Amino acid sequence: MAHKNVDRKHIVFYSGGLGSWMTAKLVIEKYGKENIILLFTDTLIEDKDLYRFLNVTEEHFGIQITRIADGRTPWQVFRDNRWLGNARVAPCSHHLKQKTARKWIEANFLPNECTLYLGIDWTEMHRRNAPIKNWHPYQVEFPLCEEPYISKQEIVGELANTGIELPKLYKLGFSHNNCGGICVRGGQGHWIHLLKTIPERYLEAEQKEQEMREFLQKDVTILSRQRNGKKHKLTLRTLRKEYEQDKPIDILDIGGCGCFVDNEPDQYPNVN
Ligand code: SF4
């Protein structure tokens, strides 16, 4: 991490996930809490329990979380951009997370007045390049990519030591605590897990996908799959029906969220 500078602000992208919680803890331990900013960007479709986690960790750290929002949900962003988010291109993360955070940071600090911190860990080192490039000239650091390399299980243990309850989505077996368990970057396995654990949220996403298909009058889908060497679109409705009929599902296709990580274009083509 950077050398100590008492006036410099340390801005942690605080998502409500375990990685960002541990990152915040490490940065606070290193610099003290006076110049720390925990920046939460709300997608407005978060799990209710995420706000419980924000509130208790805010109290535990003794730092008031800075809460910002674009004001739209991912579904509204898809409509505005005429693009249904998918594993390849997800305008939701670009607009609701990256652009919203950038606007706030640029309005408040010059690049030489702050350091940004992301919760990417040492198992995903390869994901560091995109945010370093995206946030330039701001400096980005990744404390979980530094020694001692902390495992996810150790982070769960650290949280348990504080007496703070694990966020509900982790308890349900999700790998992140974003967007209420919905993620357009997730694979078939992720969506089937959502269907099994929070079926009403799956059905809502299924309905939203259908609405986008009607709105665009195009065969657009969040998911796609390879069959006989060819890529096929796969609606959430079809996936659910296949699951209900006990047809084989690629549950190992989990996919992954990279809300503050990946490059996204500002403009989207008319179809996807
Ligand atoms: S978690 Fe997934 S759905 Fe939510 S903003 Fe990030 S990429 Fe989009």
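Above this text sits the structure in question.
Small disclaimer: the values here were computed from a predicted structure and weren't measured. (Residues numbered from 1 in each chain as written. Predicted model: local features only at pLDDT ≥ 70, side-chain atom pairs only at ≥ 80, totals over all residues. Heavy atoms only, no water.)

A. Inspection of the packing of helix 3 (residues 74–81) against helix 9 (residues 199–216) at higher detail. Two elements in contact, helix 3 and helix 9, have axes separated by 11 Å at closest approach and are oriented at 10°. Between helix 3 and helix 9, the angle is such that the two are roughly parallel. Only Ala205, Lys208, Glu209, Glu211, Met212 and Phe215 of helix 9 make contact with helix 3, whose side of the interface consists of Trp75, Phe78 and Arg79. (Axes fitted to C-alpha atoms, helices over the stretch in contact; angles between N-to-C directions. Helix = DSSP H or I, 4+ residues; strand = E, 2+ residues; numbered from the N terminus. Parallel < 35°, antiparallel > 145°, perpendicular 65-115°, else oblique. Contact = heavy atoms within 4.5 Å.)

B. Representation of the packing of helix 1 (residues 18–31) against helix 6 (residues 152–162). Look at helix 1 against helix 6: their axes get within 10 Å of each other, and the N-to-C directions meet at 65°. Overall, the two elements helix 1 and helix 6 adopt an arrangement that is roughly perpendicular. Considering how the two elements wind past one another, helix 1 and helix 6 form a crossing that is left-handed. Of the residues in helix 6, those in contact with Leu18, Trp21, Met22 and Lys25 of helix 1 are Ile155, Val156, Glu158, Leu159 and Thr162. Considered class by class, the residues forming the contact of helix 1 with helix 6 number six nonpolar, one polar and two charged. (Left-handed = near helix turned anticlockwise from the far one by under 90°. Nonpolar A, V, L, I, M, F, W, Y, C, P; charged D, E, K, R; others polar.)

C. Structural detail: the packing of aromatic side chains. Here the structure, examined in full by the defined rule, presents eight aromatic pairs. Taking the centre distance of 5.1 Å and the plane angle of 35° together, the rings of Phe13 and Trp135 count as tilted. One end of the pair, Phe13, is in strand 1 (residues 9–13); the other, Trp135, is in helix 5 (residues 129–135), with 122 residues separating them in the sequence. Trp135 carries the same exposure label as Phe13, and that label is buried. A connected cluster of aromatic rings, assembled from ring pairs, spans Tyr14, Trp21 and Phe61. Lying over the aromatic face of Phe215, Arg79 brings its terminal NZ or CZ to 4.1 Å of the ring centre. The ring of Phe215 is capped by Arg82, whose NZ or CZ atom sits 5.2 Å from the centre of that ring. (Phe/Tyr/Trp six-rings, centres within 6.5 Å; stacked < 30°, edge-to-face > 60°. Buried < 20%, exposed > 50% of the residue type's maximum accessible area, 1.4 Å probe, protein only. Lys NZ or Arg CZ within 6 Å of the ring centre and 35° of its normal.)

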